[in-house]
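The lines below spell out each chain.
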Amino acid sequence: HSGGRSARGIALILSGWRGLYVWLGRQGLIEHNPVQDVRAPKAGKPLPKALGVDDAVQLATHVQEDDDPRLEARDRCITELLYGCGLRIGELVGLDVAASGTARGWIDPQAGEAHVLGKGSKRRIVPVGTLAVAALRAWLALRDQHAPATQVALFIGWRGTRLGAQSVWQRLRTRSLQAGLAAPVHPHMLRHSFASH
């Protein structure tokens, strides 16, 4: 550590040593693991990355003309809700079209509120801005034409099933690159952009 190696580098080296000495112990080549109780220095937690205001606006206003209108409307709505409301990815994919006894979350466009089930299974109400409500209405108009009647999920994929977190990550990454942003965007980045703008 005094030689200038980072805390993360030291932790990586110690992990390798621990694995080696565990293997040597299993082989009967040593009696004691000399690094068993050695702890790495605490690594500092870097601040989460956030988009600059200009990049966030560029992403939110981007329209992919050659994309399927359903995908474009859905992805724009997803972007608006992640950035404009600061939703977590789990809260977003858990949204249903309407409130019900079994819904993990829903949006009330008239009240401008999203009711979501957050960390620790705690309910919270998040304000939804006018741009996000407009994007939601545009998506619902197309969604209702193609969704199976029994599907309650707000965001659905091509097969009519609830969109998963991994699909949202991929679509958001693609959308950010299509919008001309220098770095790919992920949902957590939009959450931190919401908090800092």
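Placed above this text is the structure.
Definitions and limits used
- Residues numbered from 1 in each chain as written.
- Predicted model: local features only at pLDDT ≥ 70, side-chain atom pairs only at ≥ 80, totals over all residues.
- Heavy atoms only, no water.
- Salt bridge = Lys/Arg side-chain N within 4 Å of Asp/Glu carboxyl O.
- Helix = DSSP H or I, 4+ residues; strand = E, 2+ residues; numbered from the N terminus.
- Buried < 20%, exposed > 50% of the residue type's maximum accessible area, 1.4 Å probe, protein only.
- Contact = heavy atoms within 4.5 Å.
- Pairing = 2+ DSSP bridges.
- Patch = residues over 30% accessible without salt bridge, like charges linked within 9 Å, V, L, I, M, F, W, Y side chains within 5 Å.
- Areas by Shrake-Rupley, 256 points an atom, 1.4 Å probe, with all protein chains shown as cover.

Draft legend 1. How the structure looks around the pattern of salt bridges. The full count for this structure, using the stated rule, is 9 salt bridges. Residue R171 pairs with D75 through a salt bridge whose shortest N-O separation is 2.5 Å. Placement of the pair is R171 in helix α6 (residues 165-178) and D75 in helix α3 (residues 69-85), with a sequence separation of 96 residues. We classify D75 as buried; its relative accessible area is 4%. D144 is the salt-bridge partner of R143, the closest N and O atoms lying 3.3 Å from each other. Of the residues examined, R143 reaches a relative accessible area of 4% and is grouped as buried.

Draft legend 2. Structural detail: the side chain of H115. If you trace the backbone, H115 turns up in strand β3 (residues 113-117). Sequence-distant contacts of H115, defined by excluding residues within four places in its chain, comprise L95, R104, G105, W106, R123, R124 and I125.

Draft legend 3. The arrangement of the pairing of strand β4 (residues 123-127) in detail. As paired elements, β3 and β4 share 5 bridges and run antiparallel to each other. Pairing of L117 across the sheet is with R123, part of β4.

Draft legend 4. Structural detail: the sheet that holds strand β2 (residues 105-108). On the basis of which strands lie adjacent, the open sheet formed by 4 strands has the order β1-β2-β3-β4 and mixed pairing. A strand with exactly one partner marks an edge of an open sheet, and here the two such strands are β1 (95-96) and β4. Of the pairings in the sheet, the one linking β1 to β2 comprises 2 bridges and is parallel in character. Pairing of L95 across the sheet is with G105, part of β2.

Draft legend 5. Representation of helix α7 (residues 187-196). Among the residues of α7, P187, M189, L190, R191 and S193 are the ones counted as buried. Where α7 is buried, its residues contact α2 (53-61), α3, α4 (89-93), β4 and α6.

Draft legend 6. Representation of a nonpolar patch on the surface in the model. A cluster of nonpolar residues, L20, W23 and L29, forms a patch on the protein surface that exposes about 330 Å² of accessible area. Structurally, L20 is set in helix α1 (residues 7-26). On the basis of relative accessibility, which here comes to 41%, the residue L20 falls in the partly exposed class.

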